[in-house]
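Here are the chains, one letter per residue:
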Amino acid sequence: MSDDVNEGKGDDAFTLSTPLTKLIGIRHPIVQTGMGWVAGPRLVSASANAGALGILASATMTVDQLRSAVREVKSRTDQPFGVNLRADAGDARERVKVIVAEGVKVASFALAPSRELIAELKDAGVVVIPSIGARRHAEKVAAWGADAVIVQGGEGGGHTGDVATSVLLPQVVDAVDIPVVGAGGFHDGRGLVAALAYGAAGVAMGTRFLLTSDSTVPDAVKAKYLAASVKDVTVTTAVDGLPHRMLRTELVTSLEGAGRSRALLQAVRRAAGFRKLSGLTWSQMVRDGLAMKHGKDLTWSQVLLAANTPMLLKASMVEGRTDLGVMASGQVAGLIEDLPSCEELVGRVMTEARHVLGTLPTPG
Ligand SMILES: Cc1cc2nc3c(=O)[nH]c(=O)nc-3n(C[C@H](O)[C@H](O)[C@H](O)COP(=O)(O)O)c2cc1C
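Reading the values: rules and limits
Residues numbered from 1 in each chain as written. Predicted model: local features only at pLDDT ≥ 70, side-chain atom pairs only at ≥ 80, totals over all residues. Heavy atoms only, no water. Helix = DSSP H or I, 4+ residues; strand = E, 2+ residues; numbered from the N terminus. Contact = heavy atoms within 4.5 Å. Areas by Shrake-Rupley, 256 points an atom, 1.4 Å probe, with all protein chains shown as cover. 1 Å grid on protein atoms, 1.4 Å probe; cavity = no way out; pocket = protein on both sides within 12 Å on 5 of 7 lines; lining within 4 Å. Points joined across faces, edges and corners; volume = space filled by probe spheres on them. Nonpolar A, V, L, I, M, F, W, Y, C, P; charged D, E, K, R; others polar. Near = heavy atom within 4 Å. Polar contact = N/O pair within 3.5 Å; in protein donor to acceptor, adjacent residues only side chain to side chain. Pairing = 2+ DSSP bridges. Axes fitted to C-alpha atoms, helices over the stretch in contact; angles between N-to-C directions. Core = buried A, V, L, I, M, F, W, Y, C linked by side-chain atoms within 4.5 Å. Buried < 20%, exposed > 50% of the residue type's maximum accessible area, 1.4 Å probe, protein only. Parallel < 35°, antiparallel > 145°, perpendicular 65-115°, else oblique. Left-handed = near helix turned anticlockwise from the far one by under 90°.

S.K.: Help me understand the overall build of the protein in this model?
M.R.: In terms of helices and strands, the protein carries 15 helices and 11 strands. Counting only contacts in the protein whose residues sit at least 6 apart along the sequence, the fraction spanning at least 24 positions is 60%. Roughly 15700 Å² of accessible area belongs to the protein as shown, and the carbon and sulfur atoms make up 51% of that amount.

Put into structure tokens, the structure is as follows:
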């Protein structure tokens with residue numbers, strides 16, 4: 001690693017060159033991940049201007065909204081950035097067309113994309129970086145030609161697995177030959193150095209970037225995250241049937257405590273509210289919910305809630321409804337106490353990484 005460390009320069013110029021920075025042409029081996037309703041043009045361009053890879057979350061946008069969001073990012077930065085999309089979205093191909101036509105550098109996927117989708121993007125010169133939560137998924141997408149993977153350990157926010165980053169990251173590094181980016185639980189320079197020591201090419205952070213002054217999440221919601229302890233972050237399947245890491249709120253507790261019929265009643269009441277917000281018909285909602293079932297044994301209330309999960313996230317992340325919404329969060333929220341700008345955050349992580357590298361024990 002030492003060959004790639006620019007020792008002797010001021011902190012502003014301190015960089016760590018890794019296979020990730022070289023692959024994408026970014027200054028620092030840091031990724032701001034795609035988070036629904038959170039990673040919009042403002043956050044993404046601020047991350048990109050700070051030298052990180054900013055990833056725009058598109059699953060919660062229409063194709064037209066995606067196109068204008070991409071154009072807005074381009075108007076705010078000339079640095080490379082990425083777009084996160086769901087490989088299983090009915091309109092994934094249309095989204096890919098937008099990514100290619102607008103010259104977006106990186107395509108990031110919440111679920112493993114198909115071999116064909118990867119080939120289509122790579123043929124057009126787009127760097128493909130799926131997010132995965134298990135070694136076998138990393139092996140699969142690597143064999144299909146993915147350029148790198150983001151590996152999310154169980155402590156990470158949003159839908160998540162149950163293997164911790166400290167176990168999953170070295171496991172995947174050993175299993176594939178492409179650059180691996182560690183995610184789940186990272187927030188500082190110590191974490192970046194630790195990930196590099198595991199053999200990663202960088203770190204990806206969600207919760208840490210959500211808690212910046214550049215993120216558009218309402219102040220009341222940011223305050224809930226800042227006040228949370230590590231123990232206030234929980235994994236529940238009560239919202240949409242899949243393990244989902246989020247702040248423990250009354251909504252979560254009441255869904256977990258409710259019997260099947262009470263949960264259904266609650267889900268119907270909430271669904272009625274969200275139907276107004278989303279403009280979906282009941283049959284569309286049930287169809288979306290069933291599509292998310294993925295062969296899992298979901299209750300009817302979970303089917304309704306699954307269809308509404310993006311709206312539940314929107315209620316907090318956009319409308320500031322800390323009472324009604326889902327606040328997806330990594331455990332690391334319990335360690336975060338401030339709201340720096342992306343520029344300050346990235347600078348701080350790199351300065352700390354430099355310091356940590358200088359204080360590691362020397363052999364002998
Ligand atoms: C509020 C929130 C929304 C998220 N939405 C998405 C999403 O739309 N697509 C996705 O691939 N990952 C999503 N994630 C997961 C993150 O991209 C990232 O992998 C995770 O936050 C990393 O863990 P950390 O929070 O400990 O940094 C979300 C996470 C959070 C906290």
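S.K.: What is the right way to look at the layout of surface pockets in this model?
M.R.: To find leftover empty space, a probe the size of one water molecule is rolled over the atoms. Quantified by volume, the second largest pocket comes out at close to 280 Å³. Forming the walls of the second largest pocket are 16 residues, and the residues nearest its centre are Trp37, Gly40, Pro41, Met61 and Val318. Listing elements by their share of the lining of the second largest pocket, those giving two or more residues are helix 2 (41-49) and helix 3 (63-76). Sorting elements by how many residues they give to the lining of the second largest pocket places helix 2 first, with 3 residues. Its residues assigned to classes, the lining of the second largest pocket comprises 11 nonpolar, 4 polar and 1 charged.

S.K.: Mind showing me how you'd approach the site of the ligand here?
M.R.: If you check the shell around the ligand, you find 19 residues, and the closest are Thr33, Gln152, Gly185, Gly206 and Thr207. Here an oxygen atom of the ligand and a backbone polar atom of Gly206 are 2.8 Å apart. Between the ligand and Thr207 there is a distance of 2.5 Å, counted from an oxygen atom to a side-chain nitrogen or oxygen. Burial of the ligand by the protein chains amounts to 90% of its free accessible area of 610 Å².

S.K.: Explain the sheet that holds strand 5 (residues 127-132) here, please?
M.R.: The sheet built from 8 strands closes into a barrel, its strands ordered 1-2-3-4-5-6-8-9 with parallel pairing. The sheet shows a mean angle of 25 degrees between the axes of neighbouring strands, direction not considered. Note that strand 3 (residues 81-85) and strand 4 (residues 106-109) share 4 bridges and pair parallel. The partner of Leu85 across the bridge, within strand 4, is Phe109. Each of strand 5 and strand 6 (149-152) is contacted by helix 6 (residues 135-143), which is oriented at about 165 degrees to strand 5, the strand it contacts most.

S.K.: For this particular structure, what's the right way to read the nonpolar core?
M.R.: Nonpolar side chains tend to gather and get buried jointly when the protein is soluble and globular. Counting residues in hydrophobic clusters, the biggest one holds 61 residues, and the most contacted among them are Ile30, Val172, Phe209, Tyr225 and Met317. Of all the elements, helix 15 (residues 342-359) adds the most residues to this core, at 7 residues. Apart from residues no more than four positions distant in its own chain, Met317 is found in contact with Gly36, Trp37, Val38, Leu210, Thr216, Val217, Pro218, Val221, Tyr225, Val326, Met327 and Ala328. By size, the runner-up hydrophobic cluster in this structure holds 26 residues, among which are Leu56, Ala57, Leu66 and Ile99.

S.K.: Would you mind going over the packing of helix 4 (residues 92-101) against helix 5 (residues 115-123) with me for this structure?
M.R.: Describing two packed helices takes the angle between their axes plus the distance from one axis to the other. Between helix 4 and helix 5, whose axes approach to 10 Å, the crossing angle comes to 15 degrees. Taken together, helix 4 and helix 5 sit at an angle that is classed as roughly parallel. The two elements helix 4 and helix 5 meet at a crossing, and its hand is right-handed. Taken together, the residues of helix 5 that come into contact with helix 4 (itself represented by Ala92, Arg93, Val96, Ile99 and Val100) are Glu116, Leu117, Glu120 and Leu121. Taken together, the residues of the contact of helix 4 with helix 5 break down into 6 nonpolar, no polar and 3 charged.

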